[in-house]
Amino acid sequence: MRGQSIRLLSVLLLLIVFGVTFGSIASSIGNQPMGAFDTSIIAVVQGWETSWLTAVLKIFTWIGTGYGVTPIAMIMFTILYFGLRHRQQAWLLIATVAGSIILNSVLKHVFKRERPEIYRIADAGGFSFPSGHAMMAFALYGILAFIFWHHVKRTRNRILLVLFAAFMILMIGTSRIYLGVHYPSDIVGGYAASGFWMIITIVIYTYFVNKCEKGNDRSTSR
């Protein structure tokens, strides 16, 4: 019972953190403090510009597009569904990633923030807030870390799993700032929105898994 209370408290805390973060950024778009925040970070990140780093970050930004996310998600879905036969987790992956993409489209049309008019290394169309790359990266690598955490038993491997997921999320987000197609607040807002959605999908998944397990226990006892 105590363990359940701690998990519930953790879930509520994460939802509050993600929700407040997104709400704060969304309500501050266009304000002077947010402009100063974005400008200062853009100056630092774009100050790193070198030819080799541009090539590397263009690769990361491509990985964060639909052309990168879709095949990775489908490969992992196939492994989970047919290879490991963890079909509920396979559908959790798809629900999290697909839902994040849909949510991003809705939010972009709600806020209709134009992309930054700054030095650009790459071109991008559509609205800016929240970043689709940031949302897809957080959803994909975040939910994969959650799923495979339960399949990896050694603490060292679990740490590597989380570090890899964090690395991919941060590199894809940073690449968008570096290339001049997103404000930093777009990236942070995308992480927060996707994190909020991911927690909801995990809660729903956990609820139905527990419900199914209780139903199976009752059937076995009979």
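These numbers come from a predicted model, not from an experiment. (Residues numbered from 1 in each chain as written. Predicted model: local features only at pLDDT ≥ 70, side-chain atom pairs only at ≥ 80, totals over all residues. Heavy atoms only, no water.)

Caption draft 1: View of helix H7 (residues 155-178). Under the 1.5 Å per step criterion, the end-to-end length of H7 is 34 Å for 24 residues, consistent within 8% with the ideal 34 Å. Among all positions of H7, only Leu161, Ala165, Met168, Ile169, Ile172, Gly173, Ser175, Arg176, Ile177 and Tyr178 are buried. Positive phi shows up at Gly180, right after H7, with a value of about 80°. (Helix = DSSP H or I, 4+ residues; strand = E, 2+ residues; numbered from the N terminus. Expected span 1.5 Å × (residues − 1). Buried < 20%, exposed > 50% of the residue type's maximum accessible area, 1.4 Å probe, protein only.)

Caption draft 2: Fine view of the packing of aromatic side chains. Inspection of the entire model under this criterion finds 13 aromatic pairs. Ring centres of Phe18 and Phe138 lie 5.9 Å apart, and the angle between their planes is 85°; on these two criteria the pair is classed as edge-to-face. Taken together, the residues Phe18 in helix H1 (residues 2-28) and Phe138 in helix H6 (residues 132-149) connect sequence positions 120 residues apart. Classification of Phe138 by relative accessible area gives buried; the value is 15%. Relative to Trp91, the ring of Phe77 has its centre 5.0 Å away and its plane inclined at 65°; by these criteria the two rings are edge-to-face. On the criterion of sequence distance, the pair formed by Phe77 in helix H4 (residues 66-83) and Trp91 in helix H5 (residues 87-111) is long-range, its members being 14 residues apart. Through a chain of ring-to-ring contacts, three or more aromatic side chains come together here, namely Phe77, Tyr81, Phe82 and Trp91. (Phe/Tyr/Trp six-rings, centres within 6.5 Å; stacked < 30°, edge-to-face > 60°.)

Caption draft 3: Spotlight on the side chain of Thr61. Here Thr61 is to be found in helix H3 (residues 51-63). The exposure class of Thr61 is buried, given its relative accessible area of 10%. A distance of 2.8 Å separates polar atoms of two side chains, one belonging to Thr61 and the other to Arg176. The residues touching Thr61, leaving out its near neighbours within four places in the chain, are His133, Ser175, Arg176 and Leu179. (Polar contact = N/O pair within 3.5 Å; in protein donor to acceptor, adjacent residues only side chain to side chain. Contact = heavy atoms within 4.5 Å.)

Caption draft 4: Focus on unusual backbone geometry. Each neighbour pair has its own omega, and for Phe129 with Pro130 the value is -10°, a cis peptide bond. Here Pro130 is to be found in the loop between H5 and H6. Its identity as a non-glycine residue notwithstanding, Lys112 has a phi of 50°, on the positive side. Positionally, Lys112 belongs in the loop between H5 and H6.

Caption draft 5: Broad picture of the pattern of salt bridges. Counted according to the given criterion, the structure contains two salt bridges. Residues Arg113 and Asp38 are paired through a salt bridge, measuring 3.2 Å at the closest nitrogen-oxygen approach. You can see Arg113 sitting in the loop between H5 and H6 and its partner Asp38 sitting in helix H2 (residues 32-46), a full 75 residues away along the chain. Of the two residues, Arg113 and Asp38, both sit in the buried class. The partner of Arg113 in a salt bridge is Asp186, and the shortest N-O contact between them spans 2.8 Å. Pair noted here: Arg113 is in the loop between H5 and H6 and Asp186 is in helix H8 (residues 184-221), with a separation of 73 residues, a long-range link. (Salt bridge = Lys/Arg side-chain N within 4 Å of Asp/Glu carboxyl O.)

Caption draft 6: Fine view of the environment of Asp123. Counting through the fold element by element, Asp123 comes out in the loop between H5 and H6. The sequence separation of Asp123 and Gln88 amounts to 35 residues, and the corresponding C-alpha distance is 38 Å.

Caption draft 7: Structural detail: the nonpolar core. One finds Leu93, Leu140 and Tyr141 to be the most contacted residues of the largest nonpolar core, which totals 54 residues. When residues of this core are traced back to their parent elements, those giving at least two are H1, H2, H3, H4, H5, H6, H7 and H8. A per-element tally of this core places H6 first, with 12 residues. Look past the residues within four positions of Leu93 in its chain and what remains in contact with it is Ala73, Met76, Phe77, Leu80, Leu140, Ile143, Leu144 and Ile147. (Core = buried A, V, L, I, M, F, W, Y, C linked by side-chain atoms within 4.5 Å.)

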